[in-house]
Amino acid sequence: MKIAISSAGKTLDAQVDPRFGRCAYFIVVDTETMQFEAVDNANAAAGGGAGIATAQMIAGKGVEAVLSGNCGPNAYEVLSKADIKVISGVSGVIKDVVENYRNGKYEASNKPNVAGHFGQGLK
Amino acid sequence: MIISVASGKGGTGKTLVATSLALSLKDGHKVMVQDCDVEEPNDHIILKPVITDREPVFNLVPRVDEEKCTYCGTCARVCAFNAIAVINEHVLVFPQMCHGCGACSYLCPEKVITEIPKEIGVVERGEADGISFVQGVLTIGEAMAPPVIRKVKEYSNNDYTIIRDVSPGTSCPVVESIKGSDFCLLVTEPTPFGLNDLILAVETVKELGIPCGIVINRAGVGDSKVADYCVKEGIPLLLNIPLSTDIASLYSRGIPLVEGMPQWRDSFIKLEKQIKEIVSERNSNPQR
């Protein structure tokens, strides 16, 4: 099963990026094999609608869950239509997050955890 | 003549200048105030107009006929504003993000997108003691100010001296408001913040090819860098309004400056004369 984690860097040792729509990268990782791919987020500097565009991009990656610090309402709506679980409130190092996920330590959110434009103020 | 009042930085005194100018000119001119700061119009607090006409403003947003849609995703790809997402067998439209450009419906290969009007605000018209008054009000939660601003501007009329109050910043609503003006007054304060945003505003106005002049409000605080900048750039510094408890006190009670302190009237009448000279000189030397 593949999951996508918003990341500040391109490796499993990177920190989780607290933003979803405007994160720097996604680490798309197979939780069985730990094989991963770092995906540049081209929407990080979008004028508007970063969450919508990023959610659509991630939906094309065939992941079952997205893990991030925060997820706003528009991104949440797109991800849930794509039947992708959203896990927000995630922080720390990517490989620990994957481990926690495998051990069932996270619960999927049933709603967005921040209002729109939240990630615009974070660097 | 259309005089826009902009600033770059917020809270510098655009409304103070716009309303004082309008009230000072109304005895000698036919004056119209256009409040284009549609996210937070506030000239009405000072001018207290009687509103007699309200007209809704619409933005055209896409509606997708999902019966006939093939979910090819073209609409989502061509939307420059990320207002559409196509996911599995769903088309999600986010009307608040939509700029109403029509690309999605124009480029839909199946021709299953129609544009439907969505009310995003209202234009209110009335009169305030001899001043013709128009303001745009964007509905709370809506993000597209320019269509409301364009509707306010439709009431421009050559018979009037038009004072157009502009929102702060230098983004689309500011450009839309200033476009078509004969002159842009830039109200600033003599602080590093005021100067930083003033420079951005000056660059914007220059790009639009509109002559500008500066009003320094709260003169006496900060430093002399705004004045130095005006000299260096050759931008006329047209008026200084000092930092004054009396002015702040009137303003906080919604009393127009030129009513509470009528000695200011002449300064604003003179300000308009200077603007008129700059505009007519420029019109006779259009190459400048």
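Model, not experiment: these values are computed from the prediction.

Undergrad: Got a minute to help me understand the pattern of salt bridges in this structure?
TA: Once their charged atoms are close, side chains differing in charge can pair, the charge on each being opposite to the other. As enumerated under the stated definition, the model contains 18 salt bridges over all chains in all. The salt bridge involving Glu37(A) is made with Lys61(A); its shortest N-O contact spans 3.8 Å. Of the two residues, Glu37(A) is situated in strand E3 (residues 36–40) and Lys61(A) in the loop between helix H1 (50–59) and strand E4 (65–67); the sequence distance between them amounts to 24 residues. Taking the relative accessible area as the measure of exposure, Glu37(A) reaches 37% and is therefore partly exposed. Taking relative accessible area as the criterion, Lys61(A) reaches 26% and is therefore assigned partly exposed. A salt bridge links Glu176(B) to Arg150(B); the shortest N-O distance between them is 3.0 Å. With Glu176(B) in helix H6 (residues 172–178) and Arg150(B) in helix H5 (residues 146–153), this pair connects stretches of sequence that are 26 residues apart. A single network of salt bridges, built from pairs that share partners, joins Arg150(B), Lys153(B), Glu176(B) and Lys179(B).

Undergrad: Even after reading the chapter, I still don't get the sheet that holds strand E10 (residues 212–219) of chain B, so can you show me in this structure?
TA: Sheets are built from strands that pair by backbone hydrogen bonding, the pairs being arranged parallel or antiparallel. All names here are of chain B. Strand order in this open sheet of 9 strands is E3-E6-E7-E2-E8-E1-E9-E10-E11, and the pairing throughout is mixed. Of all strands in the sheet, those bounded by a partner on one side alone are strand E3 (50–64) and strand E11 (237–242). Across the sheet, the mean angle separating the axes of adjacent strands is 20 degrees when strand polarity is ignored. Relative to E10, strand E9 (residues 183–188) runs parallel, the two being bridged by 5 bridges. Note that in E10 the partner of Cys184 across the bridge is Cys212. Lying over the sheet, H5 contacts strand E2 (31–35), E3, strand E6 (113–128), strand E7 (131–138) and strand E8 (161–165), oriented at roughly 45 degrees with respect to E6.

Undergrad: Got a minute to help me understand the sheet that holds strand E5 (residues 85–87) of chain A in this structure?
TA: Residue and element names in this part refer to chain A. With mixed pairing, 5 strands are arranged side by side in an open sheet as E3-E2-E1-E4-E5. Taken across any chain shown, the strands that pair with only one partner, and hence form the sheet edges, are E3 and E5. Sheet twist, expressed as the average angle between the axes of neighbouring strands with direction ignored, equals 20 degrees. Judged from the 5 bridges that link them, strand E2 (residues 25–30) and E3 form a sheet pairing that is antiparallel. Considered in E3, the bridge of Ile27 is made with Ala38. In the packing of helix H3 (residues 94–102) onto the sheet, the strands contacted are strand E1 (2–7), E2, E4 and E5, and the crossing angle to E1 comes to about 145 degrees.

Undergrad: Sorry if this is basic, but what is going on with the interface of chain B and chain A here?
TA: Accessible area lost upon the coming together of the parts serves often as the stated size of an interface. Contact with chain B, which involves 12 residues of that partner, is made by 14 residues of chain A. In this assembly, chain B packs against chain A so that about 1000 Å² is buried in total across both faces, 65% of it on carbon and sulfur atoms. Taken together, chain B and chain A are joined by 0 salt bridges. Our enumeration of links across chain B and chain A arrives at 4 residue pairs in polar contact (both at pLDDT 80 or more). Elements with a minimum of two residues in the side of chain B that touches chain A: strand E4 (84–87) and strand E5 (90–93) of chain B. Of all the elements, E4(B) adds the most residues to the side of chain B that touches chain A, at 4 residues.

Undergrad: What's the story with the domain arrangement of chain B in this structure? I'm lost.
TA: All names here are of chain B. Structurally, chain B comprises domain 1 (2–48 + 129–284) and domain 2 (58–119). The straight-line distance from the C-alpha centre of domain 1 to that of domain 2 is 38 Å. Summed over both sides, the interface between domain 1 and domain 2 buries roughly 480 Å², with carbon and sulfur atoms accounting for 49% of that surface. Looking only at domain 1, the three residues that lose the most surface to domain 2 are Glu142, Met144 and Pro147, adding up to 76% of its buried area. On inspection of domain 1 and its partner domain 2, the count reaches 1 salt bridge. With a shortest N-O distance of 2.2 Å, Lys118 and Glu142 are connected by a salt bridge. Where domain 1 packs against domain 2, one counts 1 residue pair in polar contact (both at pLDDT 80 or more). Here the side of domain 1 that touches domain 2 is built from residues that sort into 3 nonpolar, 1 polar and 1 charged.

Parameters and conventions
- Residues numbered from 1 in each chain as written.
- Chains lettered and ligands numbered in written order.
- Predicted model: local features only at pLDDT ≥ 70, side-chain atom pairs only at ≥ 80, totals over all residues.
- Heavy atoms only, no water.
- Salt bridge = Lys/Arg side-chain N within 4 Å of Asp/Glu carboxyl O.
- Helix = DSSP H or I, 4+ residues; strand = E, 2+ residues; numbered from the N terminus.
- Buried < 20%, exposed > 50% of the residue type's maximum accessible area, 1.4 Å probe, protein only.
- Pairing = 2+ DSSP bridges.
- Axes fitted to C-alpha atoms, helices over the stretch in contact; angles between N-to-C directions.
- Contact = heavy atoms within 4.5 Å.
- Buried area = accessible area lost by both parts, 1.4 Å probe.
- Polar contact = N/O pair within 3.5 Å; in protein donor to acceptor, adjacent residues only side chain to side chain.
- Domains from an automatic or database assignment.
- Nonpolar A, V, L, I, M, F, W, Y, C, P; charged D, E, K, R; others polar.

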